[in-house]
Amino acid sequence: MKLRDFILRRMILAIPVIFGVLVITWFLAFQVGDPAAMYINENTPQSAIESIRKAHGLDEPPHIQFILYLTNLFQGNWGESTSTSFRPVLEVIALKFPATIELAMLAMFFAIILGIPLGIISATKKDTVVDHFTRVFSLAGVSMPIFWFALMLKYVFYYQLAIMGLPHLPGSFRYDDLMFPDFKYTTGFLLFDSIVFEHNPRLFLDALAHLAMPAFCLGYLTLAIITRMMRSSMLEVMREDYITLARSKGLSERVVIYKHALRNALIPTVTVIGLAFGGLMTGAVLTETIFSWPGLGTWAARAILNSDLAAINGFTLLVALIFVTSNLIVDLVYGTLDPRIRYG
Amino acid sequence: MADTKDLVLEVHGLKTNFYTYEGVVKALDGVELFLRRGDTMGLVGETGCGKSVTARSILRLVEPPGRVEEGEILFREIDPKTGEVNAVDILQLDEDEMLHIRGGKIAIVFQDPSTFPNPVFRIGDQIAEVILLHQDMKHDVLEMKINKLERILNMNPPPVNVSEIVAHLEQLRSMRGNPPEPDEKAKKKAAKWRAIEMLKLVRMPSPESVVNQYPHELSGGMRQRALIAMALACNPSILICDEATTALDVTVQAQVLNLLNQLKKEIGTSIIIITHDMGVVAETCNWVAVMYAGTTVETCATDELFANPLHPYTEGLLHAVPKLHEERERLPQIPGSVPNLIHPPSGCRFHPRCDFATEICKTEKPKLEEVQPDHWVACHHPRI
Amino acid sequence: MSEHYFDDVESYELKGMNHLITWLLHLLAGLVILTIASTILAFQITALIAIQIGFSITLSESFAIGALQLLIAVIVSYILIKLSIAIQSSELWAFSTSLYLNLLLLILLATMGTIGMIFIFLPIITLISLFLPNIREYWFPLFKEDMGPRIKEIRYSLYLVRKSPLVVAGVIIIVSFVVLAFLAPFFTPYGPEQRIWADYNLPPGSPSTDPNMPIHIWGTDDSGGDVFSRIFWAAQVDLRISVTVVAVAVTVGTLIGAISGFYGGKIDELVMRITDVFFAFPGLVLAMAIVMALGERSLDNIAIALMVTWWPGYARLVRGQVLAEREKLYVEAARSIGASDMRILLVHIIPNTIQPIIVSATMDTGGVLLTAAGLSCIGFGPPAGVDEWGLMISIGQFYYSIAPWAVFFPGFAILMTSLAFNLVGDGIRDIMDPKLRRR
Ligand SMILES: Nc1ncnc2c1ncn2[C@@H]1O[C@H](COP(=O)(O)OP(=O)(O)OP(=O)(O)O)[C@@H](O)[C@H]1O
Ligand code: SF4
Ligand SMILES: [Mg+2]
């Protein structure tokens, strides 16, 4: 009961945020270009331009257009993505969303699996060579130009291996459509589809191979963030009195670290993981572009360069929604990890 | 000192340093302690004189940059089967053997109940954890089962199959001498049950609900009781209370101290109470050790100390305690201040503040010697 | 001002209710603009007066600045008056939102230079005058006494810095990059934007086809630019962008955050909601959209976009710190002896919150460098040919299989610079953190 109230309250608090995002993107997009320009060329007669403007409500003053946009938004009409052959934005999102989420999930998985142990090791071996190495490794992740990293990965694991005739990782797209010409998306999550609907382990492996480089590339930043947060919160927790108490009980160092310290150190790390999920969306724009990944990131970058207003608006709205949701989830997880938090 | 077999703990020449940026803090230099079986010893001294460091050194819990440099910490326990006394030097043990001593044989209760329990685990789990660690739960599992059956038997209305239950109960009781090995789940349950028993022992109100609560849901006094329960959970031979009552208000403090003395009788532990409150010492301890700047300066029975302090520092310390029936304008103070432990005074560490200091005090460190029967003092000129 | 609105000049019939709303909206926007303009104006004039009264040195210069300010004020008021007349007569151009954006930009650009000058001159003059012998007499003994424990702390920090190899490495990298960037004219074999078209895609170490030209140490790119030289020319550009962006973001964010945290209440609520909105954006996408909205893809516009996206972080940080500091006793004490709000803010709170700001500013310098390079890499930067690391990668990626060095070296430069800033920032945080300090 209390939990439901908490979620409800958080949702209501999110409304102004989402609204702010809408206002800012819409007015920015308004500056980016004339939406009518997409429908016309130099041969279009003046009268046709007029009617196009009227049909799309473009002859109204901006605030009226904005209100029009909002009403459409609520009716499920997010506009047409002019850079994606005029398909409805929601449809394009539904198509591309699984690709990006699959990538982001895998990147996140990889970042958590590696980041938390690395952070713990670094903290427990503070100021040793291991610690220095881990810190440089994780700081390199924060300072890594993703687009460059992606290119370099591609150069080594795809191009170089390929010209040497060795087995190599694929450098673009989600699966090899020459090898699997009959494949049809069901849910859009390839790892899932290939096993559950297609019963095709080879497709699964192929999809995994295609995911490997982009996921690593995208996950590295998050990995770095998690490692650093884990290290510093672990260092802080290890100095707490309750760690001394745990030691005085005769618990072995392993239990002290992995039970008593870890549980407390995870609390701030979880927050960072949630926030980093939003960051993955930004990273996706760069990574997907380099790996020709047919996801939201590529779409968004192209939309902005092509002044595809509906797509820009749709993408930012979607990311803002993801951000708000992941924050909510973080708060819920937080509550289960830290008994001091009550949804009061 | 009578028979060394009576001594459950003996500390000789304990030396602990902290290697900090400003220099080496020589926190302990020649601490000597004797604790008799069943005694309550008070460890007193000004703030910063090294009481807590001593306690941590005994459990080898000194954390970097600190290090126990030298000394001998003899811990004697009676083998329950043979009745023999065997002594171990804690400083010579390896880390694995040390884990058995910590919590199992020597337990410690720390000063601040608000920061010591782990905030994310339930009180019951934190107590059960130490029980599971140090005890094989055979007896407890059995006792728990017997206890349960007895409860069922005493129910009102009585259960239908009384005879069956009684038979079962008899069977269980007959196994008391040699209980079977329980499974993990039963162990955990029994540990939890023991945790409740422990909470009852420390007079925790409504122990059944407290086991499932988190530390932040308890008051300071309740938390301190929980910490004591945690420390006593494995019937340790020695319980060290590092200012366990300082953070509590006076009435709760008195309750906890009474509790400790009762528990001592019930469980048969020896207790070290660290405090700077002479009143607490007078009320609860039968033996005292006085520390000054990292050394033991005097140790003897409590009554003896109050009646006949032999060390100039103890004398000053006792004068500083206000007495009810004596009206004074101002409390006398020991002139000067606690020395800097990075560059401690040469010879006797007390000599810059001592009225009786002579040349030898500046150059030579006095040894702790038995000046009168059962009364040890470290001073070149004891106040006999 | 978007052209297509000028095209249809025929007057536009607005109907009753709409007309009123439009009017109110415009009134609001106009007021906001006017407030911003006059705040900046007032701020600068005060600063000018302060400079003149205090030091009476830069008189002629300050007159020039003052005149510029006045000009801006006149232009802004003129435009606003014209605007309200145009709205009255329902002229279409008056309803364009781009009008306000352009107006704001005009003000920003025109004042940026002068603000910058004040920011630079004021500290320098203060510093110089502090060390004049007769002024020094007043403060130095007091300062020495006051700073005693602080100097000890600083010494200890320096000791920790020296003990931490990563911070030392970071500092060395940063210093060498800055020095190399400044010395680029003296040691790079090729000039900025110099091309030898015949030398395209040469591997590192190959001689130029032109016998009179030096060899290409790190090879050439697709248009025959010397990668080695270009990287160090580009260092100037990239370092300048990241430092400027962070400086502006820190200044704006700190002020807003401090005011928000200090006064609390409605202002605080508003500021926090605004920063919430910024946090909900994917930063890169917002920056992209701003660059596009500004009309031209260029480094300057990237810088402006990053300034806009980066300040909320600082506002949050400073607000949190201020809230914590405000509760502490000393503010109470200061208030009770009658210090003004501004004084408490400037003298007591900001110096105490400066340490986390330094840390995140250092680390953000690396972050901004990354983002700026990223933006120009995916096509939001200047046209090909400009020396900028991100752009070099952007062009090089099409030839990455033939000329990987043209991609590798600029990216590596970005990585190293950014890493250096992060190493230093992270190290400083570890060293400053009171919870980890005494070990
Ligand atoms: N981590 C540490 N680093 C450096 N010095 C330390 C450290 N811990 C303790 N010390 C030094 O050891 C000395 C003894 O400290 P300790 O905590 O034992 O005092 P105490 O007698 O328990 O005082 P109190 O009555 O205040 O608890 C102090 O003078 C202190 O300077
Ligand atoms: S040894 Fe000397 S200085 Fe030390 S307490 Fe005894 S008399 Fe005083
Ligand atoms: Mg203490």
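Residues numbered from 1 in each chain as written. Chains lettered and ligands numbered in written order. Predicted model: local features only at pLDDT ≥ 70, side-chain atom pairs only at ≥ 80, totals over all residues. Heavy atoms only, no water.

(A) Representation of the side chain of Thr287(A) within the structure. All names here are of chain A. Examined against the element boundaries, Thr287 turns out to sit in helix H10 (residues 253–290). Judged by relative accessible area, which is 1%, Thr287 ranks as buried. Sequence-distant contacts of Thr287, defined by excluding residues within four places in its chain, comprise Ile146, Pro214, Cys217 and Leu218. (Helix = DSSP H or I, 4+ residues; strand = E, 2+ residues; numbered from the N terminus. Buried < 20%, exposed > 50% of the residue type's maximum accessible area, 1.4 Å probe, protein only. Contact = heavy atoms within 4.5 Å.)

(B) Seen up close, the interface of chain A and chain B. Facing 19 residues of chain A, the contacting portion of chain B comprises 24 residues. Summed over both partners, the interface of chain A with chain B buries about 2,100 Å², with 62% contributed by carbon and sulfur atoms. There are three salt bridges connecting chain A and chain B. As a salt-bridge pair, Glu63(B) and Arg247(A) come within 3.1 Å of each other at their nearest N and O atoms. Our enumeration of links across chain A and chain B arrives at nine residue pairs in polar contact (both at pLDDT 80 or more). Looking at the side of chain A that touches chain B, the elements that each hand over two or more residues are helix H9 (241–248) and H10 of chain A. Considering every element that reaches the side of chain A that touches chain B, the biggest residue donor is H9(A), with six residues. Split into classes, the residues belonging to the side of chain A that touches chain B amount to six nonpolar, six polar and seven charged. (Buried area = accessible area lost by both parts, 1.4 Å probe. Salt bridge = Lys/Arg side-chain N within 4 Å of Asp/Glu carboxyl O. Polar contact = N/O pair within 3.5 Å; in protein donor to acceptor, adjacent residues only side chain to side chain. Nonpolar A, V, L, I, M, F, W, Y, C, P; charged D, E, K, R; others polar.)

(C) Broad picture of the domain arrangement of chain A. Residue and element names in this part refer to chain A. For chain A, the domain assignment lists domain 1 (3–88) and domain 2 (90–337). Tallying the contact residues gives 27 residues for domain 1 and 26 residues for domain 2. Taking both sides of the interface into account, the surface hidden between domain 1 and domain 2 amounts to around 2,400 Å²; carbon and sulfur atoms contribute 70%. Scanning the region where domain 1 abuts domain 2 turns up two salt bridges. The partner of Asp331 in a salt bridge is Arg10, and the shortest N-O contact between them spans 1.9 Å. There are five residue pairs in polar contact (both at pLDDT 80 or more) connecting domain 1 and domain 2. Every element with two or more residues in the side of domain 1 that touches domain 2 is listed here: helix H1 (2–32), helix H3 (62–74), strand E1 (80–81) and strand E2 (87–88). A total of twelve residues in the side of domain 1 that touches domain 2 trace back to one element, the largest contributor, which is H1. (Domains from an automatic or database assignment.)

(D) Inspection of a positive patch on the surface at higher detail. Residue and element names in this part refer to chain B. Taken together, the side chains of Lys148, Arg151, Lys185 and Lys189 make up a positively charged region of the molecular surface. Broken down by secondary-structure element, the contributors of at least two residues to the positive patch are helix H4 (138–153) and helix H6 (184–201). Relative to the assigned elements, Lys189 resides in helix H6. For Lys189, a relative accessible area of 55% gives the class exposed. (Patch = residues over 30% accessible without salt bridge, like charges linked within 9 Å, V, L, I, M, F, W, Y side chains within 5 Å. Areas by Shrake-Rupley, 256 points an atom, 1.4 Å probe, with all protein chains shown as cover. Lys, Arg positive; Asp, Glu negative; His and termini not counted. Charge placed at Lys NZ, Arg CZ, Asp CG, Glu CD.)

(E) Layout of the packing of aromatic side chains. Within this structure, the stated rule accounts for 27 aromatic pairs over all chains. Aromatic side chains Phe137(A) and Tyr220(A) sit 5.2 Å apart centroid to centroid with 40° between the ring planes, which places their arrangement in the tilted category. Residue Phe137(A) is found in helix H5 (residues 129–142), and its partner Tyr220(A) is found in helix H8 (residues 201–238); the two are separated by 83 residues along the sequence. Here Phe228(C) and Phe232(C) contribute two aromatic rings whose centre-to-centre distance is 5.2 Å and whose plane-to-plane angle is 65°, an arrangement assigned as edge-to-face. One end of the pair is Phe228(C) and the other is Phe232(C), both in helix H7 (residues 227–263) and four residues apart, which spans about a single turn. Members of the aromatic cluster, joined through ring pairs, are Trp148(A), Trp218(C), Phe228(C), Phe232(C), Phe408(C), Phe409(C) and Phe412(C). The lysine or arginine in question, Lys259(A), covers the ring of Phe121(B), its NZ or CZ lying 5.5 Å from the ring centre. (Phe/Tyr/Trp six-rings, centres within 6.5 Å; stacked < 30°, edge-to-face > 60°. Lys NZ or Arg CZ within 6 Å of the ring centre and 35° of its normal.)

(F) Broad picture of the sheet that holds strand E9 (residues 287–292) of chain B. Residues and elements named next belong to chain B. The strand order across the open sheet built from eight strands is E6-E7-E8-E3-E9-E10-E12-E11, with neighbouring strands paired in mixed fashion. Each end of this open sheet is capped by a strand with a single partner; those strands are strand E6 (106–109) and strand E11 (369–372). Neighbouring strand axes in the sheet, compared pairwise and without regard to direction, differ in orientation by 25° on average. In this structure, strand E3 (residues 40–44) lies alongside strand E8 (residues 270–274), joined through four bridges in parallel fashion. Looking across to E8, one finds that Thr40 is bridged to Ile271. Packed onto the sheet, helix H9 (residues 250–267) meets E3, strand E7 (238–242) and E8 and runs at close to 160° relative to E8. Those strands touched by helix H12 (residues 312–319) are E9 and strand E10 (295–301), and its axis lies near 105° from that of E9. (Pairing = 2+ DSSP bridges. Axes fitted to C-alpha atoms, helices over the stretch in contact; angles between N-to-C directions.)

(G) Structural context of the packing of helix H13 (residues 389–396) of chain C against helix H14 (residues 405–432) of chain C. Residue and element names in this part refer to chain C. Axis separation between H13 and H14 bottoms out at 8 Å; the angle between their running directions is 150°. Judged by the angle between their axes, H13 and H14 are roughly antiparallel. The hand of the H13/H14 crossing is left-handed. Along its contact with H13, which presents Trp389, Gly390, Met392, Ile393 and Gly396, the element H14 presents Ala406, Val407, Pro410, Gly411, Ala413, Ile414 and Thr417. Residues of the contact of H13 with H14, tallied by class, amount to eight nonpolar, four polar and no charged. (Parallel < 35°, antiparallel > 145°, perpendicular 65-115°, else oblique. Left-handed = near helix turned anticlockwise from the far one by under 90°.)

(H) View of the site of ligand 1. All names here are of chain B. Residues in contact with ligand 1 amount to 14 residues; listed here are only the nearest, Thr47, Gly48, Lys51, Ser52 and Val53. Between ligand 1 and Val53, the relevant distance is 2.9 Å, taken from an oxygen atom to a main-chain nitrogen or oxygen of the residue. Interatomic distance of 3.0 Å between a side-chain N/O atom of Glu243 and an oxygen atom of ligand 1. Against a free-state accessible area of 630 Å², the protein chains account for coverage of 67% of ligand 1. Element by element, the count of residues in the shell around ligand 1 is highest for helix H1 (residues 51–58), at three residues. (Near = heavy atom within 4 Å.)

(I) Local environment of the pattern of salt bridges. Residue and element names in this part refer to chain B. Scanning the entire structure with this criterion turns up 33 salt bridges over all chains. Across the salt bridge formed by Lys365 and Asp29, the nearest N and O atoms sit 4.0 Å from each other. Residue Lys365 is found in the loop between helix H13 (359–363) and E11, and its partner Asp29 is found in strand E2 (residues 24–36); the two are separated by 336 residues along the sequence. A salt bridge links Lys192 to Asp125; the shortest N-O distance between them is 3.5 Å.

(J) Region of interest: the nonpolar core. The biggest cluster of nonpolar side chains holds 181 residues, and the ones touching the most others in it are Phe147(A), Met234(A), Leu306(C) and Trp389(C). If we ignore the near neighbours within four places in the chain, the residues touching Phe147(A) are Leu286(A), Ile290(A), Leu370(C), Ala373(C), Gly374(C), Cys377(C), Ile393(C) and Ile414(C). (Core = buried A, V, L, I, M, F, W, Y, C linked by side-chain atoms within 4.5 Å.)

(K) Focus on a nonpolar patch on the surface. Taken together, the side chains of Val171(C), Val175(C), Val178(C), Val179(C), Phe182(C), Leu183(C), Phe186(C) and Phe187(C) define a hydrophobic patch exposed on the protein surface, amounting to about 740 Å² of accessible area. Mapped onto the secondary structure, Phe187(C) falls in helix H6 (residues 165–187).

(L) The confidence of the model for chain C, seen in detail. Overall, the prediction assigns chain C a mean pLDDT of 74, with 67% of residues at 70 or greater. Scored by ipTM, the complex comes to 0.84, with pTM at 0.78. (pLDDT = per-residue confidence, 0-100.)

(M) Examining the side chain of Gln397(C) more closely. You can see Gln397(C) is positioned in the loop between H13 and H14. Engagement of the side chain of Gln397(C) in a polar contact is seen with the backbone oxygen of Ser394(C), the distance being 3.3 Å. Beyond its immediate sequence surroundings of up to four residues, Gln397(C) is in contact with Leu151(A), Ile290(A), Cys377(C) and Val407(C).

(N) Region of interest: the interface of chain C and chain A. In this complex, chain C contributes 62 residues to the contact, which on the side of chain A involves 55 residues. The junction of chain C with chain A conceals about 5,400 Å² of combined surface from both sides, 73% of it contributed by carbon and sulfur atoms. Summed over the shared surface of chain C and chain A, the result is two salt bridges. Of the charged contacts, one joins Arg228(A) and Asp426(C) as a salt bridge, the two residues approaching to 3.9 Å between their closest N and O atoms. For the pair chain C and chain A, the number of links is five residue pairs in polar contact (both at pLDDT 80 or more). Element by element, the count of residues in the side of chain C that touches chain A is highest for H14(C), at 14 residues. Grouping the constituent residues of the side of chain C that touches chain A by class yields 38 nonpolar, 14 polar and ten charged.

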